[in-house]
Amino acid sequence: MDQFKALLITRDETTRKQSVAETLLTPSELMEGDVDIRVEYSTVNYKDGLAITGKLPVVRRFPMIPGIDLAGTVIASRHEGIRPGDKVIVNGWGLGETHYGAYSQMARVNGHWITPLAAFTPSEAMAIGTAGYTAMLAILALERHGVAFDAGPVIVTGATGGVGSMAVALLSRLGYQVVAVTGKATHHDYLMGLGAGEIIDRAELETAPKLLGKERWAGAIDAVGGTILANILSMTRAGGAVAACGNVAGFDLHTSVAPFILRGVSLLGIESSHADPQLRVEAWARLARDTDREKLAAMTTAMPWSGIVNAAHGIVDGRVHGRLVVEIG
């Protein structure tokens, strides 16, 4: 490509105000890397929304092409084992934060960051995206801790979001009894369609947490943090585990040691951005096996390139549910 379009975030260093605009770039303007990719599809995650709106300092280098998720075809490679024509996925590794990201028709990345795309089309891979991949990392962590499908209910917070929607669908497919948490009464049918067996109003978990509450679930996938996570921990059954992977409700966690030392509850941190490549391959292999394609389609909305900025504002404001897939190419 002699030129290609990209979405670029810039910042006025005097006012510290950032702006977003479509621009044309040349390959020589890309950052360092040993693999060039023609980007075909991306998605809009909550983190992308924060980057574009500037609600939190996600972007740590300006100018920056946002977008933490991409699927596409290798154009050129100087990395052993990666060849032109390979279908690939890239997510995390600072993409859209410190390294030019996915909202560009061409990307240049480190070959170590690449995961082969085998079982899905590029569009399907981005319907899953970082959200589904993170949900699967959380499920793998729960399984390794011994939270089997017959151990008891598993609660999922932020259930209408990307991670939550994927977690509900995947857990249901695996035979778990799923309890979904949402503050959106109009989305109950959506969650039931994904496999939720019970729905809890978010407000029920936003009260001040007790040291220990009634034991209600064997495990949890929490995408929000804050007071809700503290309440989840206080109500987890003895020997259970909570996989924490998000901070929509804030970074603070005001809890006590009671769930940990009196019930043996484990808090499992899920870090998806810099996960080992072999763990990524394992997660995507499980996604290929355990994803219900019909449910994936039901939670996915296709959108054009021109809708990225509006979608970013919508996802931060809580007006988006499920997954968004953006055609880039």
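Look up a bit, the structure's there.
Residues numbered from 1 in each chain as written. Predicted model: local features only at pLDDT ≥ 70, side-chain atom pairs only at ≥ 80, totals over all residues. Heavy atoms only, no water.

Colleague: Give me the lowdown on the nonpolar core, citing residues and values where you can.
Modeller: If you look at the biggest cluster of nonpolar residues, it comprises 51 residues, and the most contacted ones within it are Ala125, Leu142, Met166, Val168, Leu171, Trp284 and Leu287. Of all the elements in the fold, those that place two or more residues in this core are helix 2 (122-145), strand 8 (154-156), helix 3 (162-173), strand 9 (178-182), helix 4 (188-194), strand 11 (217-222), strand 12 (236-244) and helix 7 (277-290). Examining the composition of this core, we find that 14 residues originate from one element, helix 2, more than from any other. Once residues within four sequence positions are removed from consideration, tryptophan 284 is found in contact with Ile89, Thr115, Phe120, Ala125, Ile128, Gly129 and Tyr133. In terms of nonpolar packing, the next biggest core, distinct from the first, is built from 45 residues, Ala6, Leu50, Val58 and Ala311 among them. (Core = buried A, V, L, I, M, F, W, Y, C linked by side-chain atoms within 4.5 Å. Buried < 20%, exposed > 50% of the residue type's maximum accessible area, 1.4 Å probe, protein only. Helix = DSSP H or I, 4+ residues; strand = E, 2+ residues; numbered from the N terminus. Contact = heavy atoms within 4.5 Å.)

Colleague: An account of helix 1 (residues 46-53) is needed here, citing residue identities and associated values.
Modeller: An α-helix turns once per 3.6 residues; consequently, residues spaced three or four apart project the same way. With six of its eight residues buried, helix 1 lies for the most part within the structure. Along helix 1, the residues classified as buried are Asp48, Gly49, Leu50, Ala51, Ile52 and Thr53. Those residues of helix 1 that are buried lie in contact with strand 1 (4-11), strand 2 (18-25), strand 3 (35-43) and helix 9 (308-316). Phi for glycine 54, located one or two positions after helix 1, is positive at around 75°.

Colleague: Outline the pairing of strand 11, supporting the account with residue identities and numerical values.
Modeller: Judged by how many residues are buried, strand 11 sits mostly within the fold: six of six residues are covered. Sheet analysis places strand 8 next to strand 11, joined by three bridges and oriented parallel. Note on strand 11: the bridge partner recorded for valine 154 is glycine 219. Where strand 11 meets strand 12, five bridges bridge the pair, whose relative direction is parallel. By the bridge assignment for strand 12, isoleucine 221 is matched with alanine 243. (Pairing = 2+ DSSP bridges.)

Colleague: If you had to explain unusual backbone geometry to someone new, which residues and values would you point to?
Modeller: Glycine aside, negative phi is the norm for most residues, and most peptide bonds take the trans geometry. In this structure, proline 63 follows phenylalanine 62 across a cis peptide bond, with omega equal to -5°. By the element assignment, proline 63 lies in the loop between helix 1 and strand 4 (69-77). Not every positive phi belongs to a glycine, and arginine 16 is a case in point at roughly 65°. Of note in this structure, tryptophan 93 is not a glycine but carries a positive phi near 60°. Residue placement: tryptophan 93 occurs in the loop between strand 5 (87-91) and strand 6 (106-109). Classification of tryptophan 93 by relative accessible area gives buried; the value is 12%.

Colleague: Kindly report on the pairing of strand 12, identifying the contributing residues and their values.
Modeller: Considered for its hand, the β-α-β crossover made up of strand 11, helix 5 (residues 226-234) and strand 12 is right-handed. As defined by bridge partners, strand 12 adjoins strand 13 (residues 266-269) across four bridges and the pair is classed as parallel. Paired with alanine 241 across the bridge in strand 13 is serine 266. (Right-handed = clockwise from strand over helix to strand, strands pointing away.)

Colleague: Go over the environment of arginine 108, please, and point to the residues and values.
Modeller: Mapped onto the elements, arginine 108 comes out in strand 6. Taking the C-alpha atoms as reference, arginine 108 lies 26 Å from leucine 287; in sequence the two are 179 residues apart. A distance of 2.7 Å separates a polar atom in the side chain of arginine 108 from a polar atom in the side chain of aspartate 36. (Polar contact = N/O pair within 3.5 Å; in protein donor to acceptor, adjacent residues only side chain to side chain.)

Colleague: Give a detailed account of the side chain of asparagine 91, specifying residues and quantitative values.
Modeller: Its location among the elements puts asparagine 91 in strand 5. On the accessibility criterion, asparagine 91 (2% relative accessible area) is buried. A distance of 3.3 Å separates polar atoms of two side chains, one belonging to asparagine 91 and the other to threonine 130. Discounting residues that sit within four places of it in the chain, asparagine 91 has contacts with Ile68, Asp69, Thr130, Tyr133, Ser272, Ser273 and Arg280.

Colleague: Outline helix 7, supporting the account with residue identities and numerical values.
Modeller: Here helix 7 is 14 residues long and its end C-alpha atoms lie 20 Å apart, about the 20 Å a rise of 1.5 Å per residue gives. Every buried residue of helix 7 is accounted for by Arg280, Ala283, Trp284, Arg286, Leu287 and Asp290. An end-on view of helix 7 places all buried positions within 160° of arc, on one side of the element. For helix 7, the exposed residues set more than 90 degrees away from the buried face come down to Gln278 and Arg289. Measuring from the backbone nitrogen of glutamine 278 back to the side-chain oxygen at the start of helix 7 gives 2.8 Å, which picks out aspartate 276 as the cap. (Expected span 1.5 Å × (residues − 1). Arc of directions from axis to C-beta.)

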